[in-house]
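Now for the letters of each chain:
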Amino acid sequence: MLDKLITNKKKFIVITILSFVLGSSLFFANSTPTRSEKPAEITPTVFVHGFKGGPASFNTMLDRFEDNNWGTKRMVVYVNPSGDVRVRGGIPHTMNPFIQVIFGNNRASVADQTNWMQKVMTRLKQNYAIEEVNLVGHSMGGLASTNFLLNNQENDYPEVNKLVAIGSPFLGIGQNDYFTMNTGEATVDLQVESNALTTMIKNKENFDENVQALAIAGVINEDAPKEDQWDGLVTQQSAHGLQSIVPEENFYKQTFTDASSTHSGLHEHTGVDQTIAEFLWSIH
């Protein structure tokens, strides 16, 4: 009987120790950043949604990218309305990693979103040893990504290799009824000749001459005069307005002209998928 009690006591002690060790391992695994073993050899691609966007803005595109074996979504970065950054996931060195950025306030100004992009980039550099990234932004996400590039000289951020702006209104949105239907600080910045947009063009000298940039536009009314061709919200000229900022030798543009090339449809368009893959990763 005594031997049995001692044996049971030993089992209890062993189980307790193992539970403690396992629990500690799980705690630190969840609370410690997953750093790449070879950070200099990877270039994660950061995806930034647009005005009123969220996880759904890029979820299906990233699913298609994964299905095509172009890479894997490895991290989601959530920025709450106060600017606090939370990260889920880590960055391995064995896959082409995708990082999805989600703003809790998806109607914020270009200035606020630029500030949040700076916080995200600081976190990626300091906690995950990421030295270089690509940026892909839809609509206002393209504006925020570009404005980050125009204001990233003073701090130690990851270098940006390539930029893709999908349906981003660099010359503003000219439909007045759009601004009567929508609210938020972003609606000031998205108007034609807004201070935010004109300042970006004035600051074009700050754009890194080593960054290659692609502007993607959609046209669903190809028979209309060129100045009126649009994706249902942003004109082709406005979407290609990035050329007013990027050095000519580094600027590329693409226009899709089928019925699926609507403003929100662009990030669901397989032709856009392929164009991005070719531009970022030379996948044909």
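Residues numbered from 1 in each chain as written. Predicted model: local features only at pLDDT ≥ 70, side-chain atom pairs only at ≥ 80, totals over all residues. Heavy atoms only, no water.

Draft legend 1. Geometry of the overall build of the protein. Along the protein, the regular secondary structure elements total 9 helices and 8 strands. By residue count, 49% of the 284 residues in the protein fall in the buried class. Of the accessible surface of the protein, which amounts to about 14,200 Å², a share of 49% is contributed by carbon and sulfur atoms. (Helix = DSSP H or I, 4+ residues; strand = E, 2+ residues; numbered from the N terminus. Buried < 20%, exposed > 50% of the residue type's maximum accessible area, 1.4 Å probe, protein only. Areas by Shrake-Rupley, 256 points an atom, 1.4 Å probe, with all protein chains shown as cover.)

Draft legend 2. Structural view of helix H2 (residues 56-67). A rise of 1.5 Å per residue sets the reference length of H2, with its 12 residues, at 16 Å; its end C-alpha atoms lie 17 Å apart and thus fit the reference within 8%. Where H2 is concerned, the buried positions are Ser57, Phe58, Met61, Leu62, Arg64 and Phe65. The arc that holds every buried residue of H2, seen down its axis, measures 155 degrees, which confines them to one face. For H2, the exposed residues lying more than 90 degrees away from the buried face are Ala56 and Asp67. Elements in contact with the buried residues of H2: strand S1 (45-48), strand S2 (72-79), strand S4 (97-103), strand S5 (132-138), strand S6 (159-166) and helix H9 (270-281). (Expected span 1.5 Å × (residues − 1). Arc of directions from axis to C-beta. Contact = heavy atoms within 4.5 Å.)

Draft legend 3. Representation of the pairing of strand S3 (residues 85-89) in the model. Taken together, the 5 bridges between S2 and S3 define a ladder with antiparallel strand orientation. Bridged to Val76 within S3 is Arg88. The hairpin formed by S2 and S3 contains 5 residues between the paired strands, and Gly83 there has a positive phi angle of roughly 95 degrees. (Pairing = 2+ DSSP bridges.)

Draft legend 4. Focus on the confidence of the model for the protein. Counting all residues, the mean pLDDT for the protein is 88, and 86% of those residues have values of 70 or more. Counting contacts from residues 1-38, a segment whose pLDDT is below 50, to residues more than four positions away or on other chains yields 17 contacts. (pLDDT = per-residue confidence, 0-100.)

Draft legend 5. Here's a closer look at the packing of aromatic side chains. Inspection of the entire model under this criterion finds 12 aromatic pairs. Here the aromatic rings of Phe65 and Trp281 are separated by 5.8 Å at their centres, their planes lie at 90 degrees, and the arrangement is edge-to-face. In this pair, Phe65 is assigned in helix H2 and Trp281 in helix H9, connecting sequence segments 216 residues apart. Side by side, Phe65 and Trp281 carry an identical accessibility label, which is buried. Feature note: the residues Phe47, Phe58, Phe65, Trp70, Phe98 and Trp281 constitute an aromatic cluster, connected by ring pairs. (Phe/Tyr/Trp six-rings, centres within 6.5 Å; stacked < 30°, edge-to-face > 60°.)

Draft legend 6. The sheet that holds S2, seen in detail. The mixed open sheet is built from 8 strands, whose spatial order is S3-S2-S4-S1-S5-S6-S7-S8. Across the chains shown, the open sheet's two edge strands, defined by having one partner strand only, are S3 and strand S8 (251-256). Here the average twist between neighbouring strands, direction ignored, is 20 degrees. Where S5 meets S6, 6 bridges bridge the pair, whose relative direction is parallel. Across the sheet, residue Glu132 finds its bridge partner in S6, namely Glu159. Across the sheet, helix H4 (residues 140-150) touches S1, S5 and S6, and the angle it forms with S5 is around 145 degrees. (Axes fitted to C-alpha atoms, helices over the stretch in contact; angles between N-to-C directions.)

Draft legend 7. Up close: the packing of helix H3 (residues 110-128) against H4. At a minimum axis distance of 9 Å, the contact between H3 and H4 shows a crossing angle of 65 degrees. Considering only the axes of H3 and H4, their crossing is right-handed. Between H3, through Val110, Gln113, Thr114, Met117, Gln118 and Met121, and H4, the contact on the second element is made entirely by Met140, Ala144, Ser145, Asn147 and Phe148. A class-by-class count of the residues in the contact of H3 with H4 yields 6 nonpolar, 5 polar and no charged. (Left-handed = near helix turned anticlockwise from the far one by under 90°. Nonpolar A, V, L, I, M, F, W, Y, C, P; charged D, E, K, R; others polar.)

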